[in-house]
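For reference, the chains in residue letters:
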Amino acid sequence: MTSKKYLSDKKTSQLTISISPALKDWVKRYVNVKRGKNPKDDRFKSISAFYSYVIENMLELFEKGKTLDDFSRLEDKGVKDFFEPFTFRATIPLYEMVSESNRYTHFTLGFTTHFILAYFNFLRKQFKPGSYDDLKILFERLKSRVSLSNISKDWRLEITPDEKKGPAQGVLEFIGMHRNLHYENCKFMAAVFGMLGVKVTDFIYSQEDYYGRLDLIETDLLFGRELAKRERIKLIKENVRFIINYDRMLDDKDIYLWMNLAEDNELYVCFRNKSAFNKWIKIIEEDLTKFGNKENFLHKILLFFSKIHWIRIENLKNLSFQIEDFIENNQEQKQFIMDYLSKYSEISQIDGIYYLN
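Summary of the structure given here. What you see is a predicted model; the values in this text were computed from it and never measured.

### As for a nonpolar patch on the surface
Part 1 of the argument: Residues Leu15, Ile17, Ile19, Leu23, Trp26, Tyr30, Ile55, Leu59, Leu61 and Phe62 make up a contiguous nonpolar surface patch of roughly 940 Å² in combined accessible area.
Part 2 of the argument: Elements that contribute at least two residues to the nonpolar patch include exactly α1 (21-37) and α2 (47-63).
Part 3 of the argument: A total of four residues in the nonpolar patch trace back to one element, the largest contributor, which is α2.
Part 4 of the argument: On the secondary structure map, Leu59 appears in helix α2.
Part 5 of the argument: On the accessibility criterion, Leu59 (47% relative accessible area) is partly exposed.

In structure tokens, the structure reads:
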């Protein structure tokens, strides 16, 4: 450990170094800004004081085993403090599996509104209106958090201001390490840009390389200081659509399309034959018998037929329901359900409503 005598507070010696004019100007501007914000902070009372502080603290870190490479991995304190309440440690294989079913679903804005608004307020405090340099610095601060994680390899942002003072354009490229978590991050980044007021104009994705690229263009919302919540939410939805749309979905697993179709009550499941019907009803029966309550058996059976859009339940307590018109008009499918329910209960009908007695 270096003796404290070498680190005397009294500044009597001089050290001459050669740096580029650009770096010298950068240091000067940085110290001036910091001194303006903290006039009583001795670290920024002069450029010499700043150099001395930085060198002394760097050497102390080196003696503790840190290296220059470690500084590229340091997480920005402001970024860390913001994200800390919203994050938790998780087992990647588990969340990789869980996130798979979420691949082509929109964010539930009601659930994420608090985070989105908090994120917006945090980000807009970090850059001045019209300052693309501030945006780049902000990006590097956020990147420091990603570099510490083991779900992303790298990401890069390029901003190209328009020479004629038109909207700036940009490109975000990022490489993930896990198929589903990376795709969720693609959706999230598209949403973040929408919240900031940046429009996604294209999305390129390589499933094999876990590579994503967002082409971007600024809107009037970017440097606007007003919340404009409705406009930002609209832009979030438009941006995320570049990630989750049927053009992309149809190239993926069948389950994603079926999940969307299941939400439309105008569609229903049609079994090709009695064997197919019996196969699935047997699977349902076995689980209801093994894991369910005997008294609720018919309740759950009606819920099954409701979820495949064959019936509309009137009242589960008295086991009443209506048969959907397309099943009423399909003699074969209607016979499947009537024959099956008849094995467990008598069926009566009053004014188009069926009852299990």
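Having seen it, we continue.
### A word on the pattern of salt bridges
Part 1 of the argument: Using the criterion set out here, one finds eleven salt bridges in the structure.
Part 2 of the argument: Two residues, Lys253 and Glu100, come together in a salt bridge whose shortest N-O distance is 2.6 Å. Taken as a pair, Lys253 in the loop between α10 (246-249) and α11 (254-261) and Glu100 in helix α5 (residues 92-100) lie far apart in primary sequence, 153 residues in all.
Part 3 of the argument: We classify Lys253 as partly exposed; its relative accessible area is 42%.
Part 4 of the argument: When the shortest N-O distance is used, the salt bridge between Asp215 and Arg213 registers 2.7 Å.
Part 5 of the argument: Of the residues examined, Arg213 reaches a relative accessible area of 25% and is grouped as partly exposed.
Part 6 of the argument: Taken together, the shared-partner salt bridges in this structure form one network comprising Arg103, Arg179 and Asp252.

### Thoughts on the packing of α1 against α2
Part 1 of the argument: α2 packs onto α1 with a crossing angle of 95 degrees between their chain directions and a minimal axis gap of 10 Å. Classified by the interaxial angle, the pair formed by α1 and α2 is roughly perpendicular. Counted together, Val27, Lys28, Tyr30 and Val31 of α1 and Ile47, Phe50 and Tyr51 of α2 form the full contact between these two elements.
Part 2 of the argument: Looking at the contact of α1 with α2 residue by residue, the class counts come to six nonpolar, no polar and one charged.

### Details of helix α13 (residues 297-307)
Part 1 of the argument: Where α13 is concerned, the buried positions are Phe297, Leu298, Ile301, Leu302, Phe304 and Phe305. Take α13 and look down its axis: the buried residues cluster within an arc of 150 degrees, on one side only.
Part 2 of the argument: In this fold, the buried residues of α13 make contact with α12 (274-291), β5 (311-315), β6 (320-323), α15 (331-342) and β8 (353-356).
Part 3 of the argument: Just downstream of α13 lies His309, where phi reads positive at about 70 degrees.

### Topic: the packing of aromatic side chains
Part 1 of the argument: Counted under the stated rule, the structure contains 19 aromatic pairs.
Part 2 of the argument: With a centroid separation of 5.8 Å and an interplanar angle of 25 degrees, the aromatic rings of Phe203 and Tyr205 are classed as stacked. With respect to burial, Phe203 and Tyr205 carry one shared label: buried.
Part 3 of the argument: With a centroid separation of 5.8 Å and an interplanar angle of 25 degrees, the aromatic rings of Phe305 and Trp310 are classed as stacked.
Part 4 of the argument: For Phe305, a relative accessible area of 0% puts it in the buried group.

### Examining the nonpolar core
Part 1 of the argument: By size, the foremost hydrophobic cluster in this structure holds 33 residues, and its most contacted members are Leu172, Phe193, Leu214, Leu216 and Ile243.
Part 2 of the argument: Elements represented by at least two residues in this core include exactly α7 (132-147), β1 (152-160), β2 (169-176), α8 (179-196), β3 (198-206), β4 (211-218) and α9 (229-241).
Part 3 of the argument: Not counting the four nearest positions on each side in its chain, Leu172 is found in contact with Phe139, Trp155, Arg156, Leu157, Met189, Phe193, Gly212, Arg213, Leu214 and Leu216.
Part 4 of the argument: Of all hydrophobic cores here, the second largest spans 24 residues; its members include Phe305, Ile311, Leu341 and Leu356.

### Comments concerning the environment of His309
Part 1 of the argument: Positionally, His309 belongs in the loop between α13 and β5.
Part 2 of the argument: Separated by 43 residues in sequence, His309 and Glu266 have C-alpha atoms that sit 8.0 Å apart.
Part 3 of the argument: Beyond its immediate chain neighbours, meaning those up to four positions away, His309 contacts Ala262, Asp264, Asn265, Leu267, Tyr268, Glu324 and Phe326.

### Looking at the sheet that holds strand β7 (residues 347-350)
Part 1 of the argument: Read from one edge to the other, the open sheet built from four strands follows the order β5-β6-β8-β7, with strand pairing classed as antiparallel. Edge positions in the open sheet fall to β5 and β7, since each of these has one partner strand only. The sheet shows a mean angle of 35 degrees between the axes of neighbouring strands, taken without regard to direction.
Part 2 of the argument: As defined by bridge partners, β5 adjoins β6 across four bridges and the pair is classed as antiparallel. Residue pairing across strands places Ile311 opposite Ile323, the latter belonging to β6.
Part 3 of the argument: Contacts from α13 reach β5, β6 and β8 within the one sheet, and its direction differs from that of β5 by about 140 degrees.

Parameters and conventions
- Residues numbered from 1 in each chain as written.
- Predicted model: local features only at pLDDT ≥ 70, side-chain atom pairs only at ≥ 80, totals over all residues.
- Heavy atoms only, no water.
- Patch = residues over 30% accessible without salt bridge, like charges linked within 9 Å, V, L, I, M, F, W, Y side chains within 5 Å.
- Areas by Shrake-Rupley, 256 points an atom, 1.4 Å probe, with all protein chains shown as cover.
- Salt bridge = Lys/Arg side-chain N within 4 Å of Asp/Glu carboxyl O.
- Helix = DSSP H or I, 4+ residues; strand = E, 2+ residues; numbered from the N terminus.
- Buried < 20%, exposed > 50% of the residue type's maximum accessible area, 1.4 Å probe, protein only.
- Axes fitted to C-alpha atoms, helices over the stretch in contact; angles between N-to-C directions.
- Parallel < 35°, antiparallel > 145°, perpendicular 65-115°, else oblique.
- Contact = heavy atoms within 4.5 Å.
- Nonpolar A, V, L, I, M, F, W, Y, C, P; charged D, E, K, R; others polar.
- Arc of directions from axis to C-beta.
- Phe/Tyr/Trp six-rings, centres within 6.5 Å; stacked < 30°, edge-to-face > 60°.
- Core = buried A, V, L, I, M, F, W, Y, C linked by side-chain atoms within 4.5 Å.
- Pairing = 2+ DSSP bridges.

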